[in-house]
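Residue-level listing of the chains:
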Amino acid sequence: MNHAEQLFPIALQELIAIGEKARKQREDRERAKRAALPRKPGACMQVACKQTFTEREKIQLTFNLK
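Conventions we followed
- Residues numbered from 1 in each chain as written.
- Predicted model: local features only at pLDDT ≥ 70, side-chain atom pairs only at ≥ 80, totals over all residues.
- Heavy atoms only, no water.
- Helix = DSSP H or I, 4+ residues; strand = E, 2+ residues; numbered from the N terminus.
- Patch = residues over 30% accessible without salt bridge, like charges linked within 9 Å, V, L, I, M, F, W, Y side chains within 5 Å.
- Areas by Shrake-Rupley, 256 points an atom, 1.4 Å probe, with all protein chains shown as cover.
- Salt bridge = Lys/Arg side-chain N within 4 Å of Asp/Glu carboxyl O.
- Buried < 20%, exposed > 50% of the residue type's maximum accessible area, 1.4 Å probe, protein only.
- Expected span 1.5 Å × (residues − 1).
- Bend = angle between axes of the 7 residues up to and from the residue.

Engineer: Residues and numbers for the overall build of the protein chain, please.
Structural biologist: Across its full length, the protein chain carries three helices and zero strands. Secondary structure elements in the protein chain, listed N-terminal to C-terminal, are α-α-α.

Here it is as structure tokens:
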């Protein structure tokens, strides 16, 4: 039992580290996809500047427009 109590915090830290590494890799892939988007010269970077709204914000906007 004592051995398990010593190993649990170590295993937990390793799992957290693995999760953080996977999150960073996923974010890097997403950034690479955005950087690879074709851009129009002289345009206002419409794709890069496009605003994204959460579902809650979309609902709030639709009710405010009525």
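On we go.
Engineer: Please give an account of a nonpolar patch on the surface that cites residues and values.
Structural biologist: Among the surface-exposed residues, F8, L12 and I16 lie close enough to one another that they form a single nonpolar patch of about 290 Å² accessible area. Structurally, L12 can be placed in helix α1 (residues 2-35). Since its relative accessible area comes to 37%, L12 is described here as partly exposed.

Engineer: Describe α1, naming the residues involved and giving the relevant values.
Structural biologist: Between its first and last C-alpha atoms α1 spans 51 Å; for 34 residues at 1.5 Å apiece the expected length is 50 Å, and the two agree. The largest bend in α1 comes to about 25 degrees, at F8, with the proline P9 one to four residues further on.

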